[in-house]
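Results of the structural survey
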Amino acid sequence: MSDKRVLLIVAGGIAAYKCLELVRRLRERDVRVRCVVTRAAKELVSPLALAALSGEKVHDALFSLTEEAEMGHIRLAREADLVVVAPATADILAKMANGLADDLATTLLLATDKPVLAAPAMNPVMWAHPATQRNVARLREDGVEILGPAEGDMACGEHGPGRLVEPEALLEAILARLEPGPRPLAGIRALVTSGPTWEAIDPVRYIANRSSGRQGHAIAAALARAGAEVVLVSGPVAIPDPPGVRIVRVESASEMLAACEAALPVEVAVCAAAVADWRPERVPSEKIKKEEGHAPPVLRLVENPDILARLARHPSARPRLVVGFAAETGELEAKARAKRAKKGCDWILANDVSPGTGVFGGARNTVLLITGEEPARRWEDLPKEEVARRLVAAIATALGRGSA
Ligand SMILES: Cc1cc2nc3c(=O)[nH]c(=O)nc-3n(C[C@H](O)[C@H](O)[C@H](O)COP(=O)(O)O)c2cc1C
């Protein structure tokens with residue numbers, strides 16, 4: 001990537017500090033980064049730190065004679081392969097949407113002929129404001145790519161959509177645009193489930209499992225990179241949203257099933273979520289009280305809907321390819337083959353989640369891919385991203401789209 005250049009425009013959002021990490025990660029990939037800061041950004045992140053990490057002068061002034069002599073603002077706007085605005089404040093989005101150019105950052109954004117990627121970050125109420133939504137819709141129409149915002153706890157103490165996507169997801173999105181790979185799944189719709197489900201016991205307690213969502217999220221990201229239009233139905237996880245996918249957040253297995261059915265029709269479904277097999281039969285509307293002298297409550301469980309089997313046996317909209325996961329402890333291949341037959345899915349990716357393997361929550365995975373037509377393929381001790389990439393390559397081949 002040593003010939004690739006990013007012009008990073010840092011606006012005055014509280015998340016501006018995350019740009020330091022982004023610059024560092026881009027430099028690790030040999031991407032050259034030139035930073036421009038707004039007046040507000042200079043209050044929130046140190047231009048000196050940006051200069052040190054990027055190894056380049058940080059620009060902030062439109063009317064600087066030395067800069068115009070050394071490097072005109074038009075050249076600055078054009079000498080990049082990609083312009084990234086992160087964090088994109090409500091203010092800068094409004095200016096971009098209306099073509100204002102009253103400082104260096106906004107002038108560059110108007111003068112550039114390069115693709116622009118903006119990652120909004122602001123208070124959830126600012127984000128939901130009709131003016132911001134109007135501006136974002138107009139920017140999308142103008143061809144600006146909007147990444148995020150993510151949902152979660154905000155620096156201002158509120159909760160909701162408005163967080164800057166994590167540097168990792170920004171990095172992925174930037175690299176994908178700088179070096180677009182083959183897109184064999186362009187035009188294909190895909191559904192991925194990921195993460196655990198939470199089954200309520202009462203309004204404050206729930207049954208869960210140790211799934212982190214890392215494998216499912218990596219598969220969603222790899223499918224999107226290969227050009228698929230991806231709906232990711234995710235249980236509660238603490239990892240960033242993968243770039244380029246539409247995310248539907250759910251808690252329980254029943255909600256997950258409803259979200260999956262709403263996403264149909266799709267050509268490919270990959271069920272990587274660790275869906276709870278059972279849920280409490282009765283969920284009282286009040287918290288179950290611990291009372292002196294009373295025996296502990298007995299939880300009676302009932303079976304949850306089987307999402308994989310429902311999709312694989314869907315009467316009217318069965319995906320062309322249904323892929324399930326089998327998380328087993330011991331006798332992996334035999335159990336996975338039995339599961340494939342029982343659920344009616346096409347492929348099973350089996351992984352051993354015995355204690356000590358570190359698979360649940362970990363960054364690496366060892367899996368068996370069982371397609372039914374050929375001997376099981378074993379992918380040994382790989383990063384979950386690589387497992388995802390190989391699975392997507394296999395999916396592309398199965399759909400007659402060559403390799404991803
Ligand atoms: C501490 C602090 C944090 C701020 N964080 C944000 C933010 O996250 N998002 C946002 O849109 N505005 C935020 N603002 C308001 C912007 O800084 C303000 O609208 C400013 O005019 C933006 O200028 P710029 O878009 O040129 O950078 C913040 C302001 C302060 C004082």
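Residues numbered from 1 in each chain as written. Predicted model: local features only at pLDDT ≥ 70, side-chain atom pairs only at ≥ 80, totals over all residues.

**Some thoughts on the site of the ligand**
Contacts to the ligand come from 16 residues, most closely from Ala-11, Gly-12, Gly-13, Thr-38 and Thr-89. Mapped by element, the contributors of at least two residues to the shell around the ligand are α2 (39-44) and α6 (90-98). When residues in the shell around the ligand are grouped by element, the largest group, three residues, is from α6. For the shell around the ligand, a count of residues per class yields eleven nonpolar, four polar and one charged. (Near = placed C-beta within 6 Å. Helix = DSSP H or I, 4+ residues; strand = E, 2+ residues; numbered from the N terminus. Nonpolar A, V, L, I, M, F, W, Y, C, P; charged D, E, K, R; others polar.)

**Structural notes on the pairing of strand β11 (residues 229-234)**
In terms of residue burial, β11 counts as a mostly covered element, since five of its six residues are buried. Relative to β11, strand β8 (residues 189-194) runs parallel, the two sharing six bridges. When the bridges of β11 are listed, Val-192 appears paired with Leu-232. Across four bridges, β11 lies against strand β12 (residues 246-249) in parallel orientation. Each residue of the ladder has a partner; that of Val-233, found in β12, is Val-248. (Buried ≥ 20, exposed ≤ 12 C-beta atoms within 10 Å, placed from the backbone. Pairing = 2+ DSSP bridges.)

**What to know about the domain arrangement of the chain**
You can read the domains of the chain as domain 1 (5-178) and domain 2 (189-285 + 293-398). Taking the mean C-alpha position of each, domain 1 and domain 2 sit 35 Å from one another. When residues of the side of domain 1 that touches domain 2 are assigned to their parent elements, the largest contribution, five residues, is made by helix α10 (residues 167-178). (Domains from an automatic or database assignment.)

**Digging into the pairing of strand β13 (residues 268-271)**
Residues Val-268 and Val-270 point to one face of β13 and Ala-269 and Cys-271 to the other, with burial holding for every one of them. Sheet analysis places β8 next to β13, joined by four bridges and oriented parallel. Bridge pairing in β13 places Thr-193 opposite Cys-271. Both β13 and strand β16 (residues 321-328) contribute to a ladder of four bridges, which runs parallel. Bridging from a neighbouring strand, Ala-269 pairs with Val-322 of β16.

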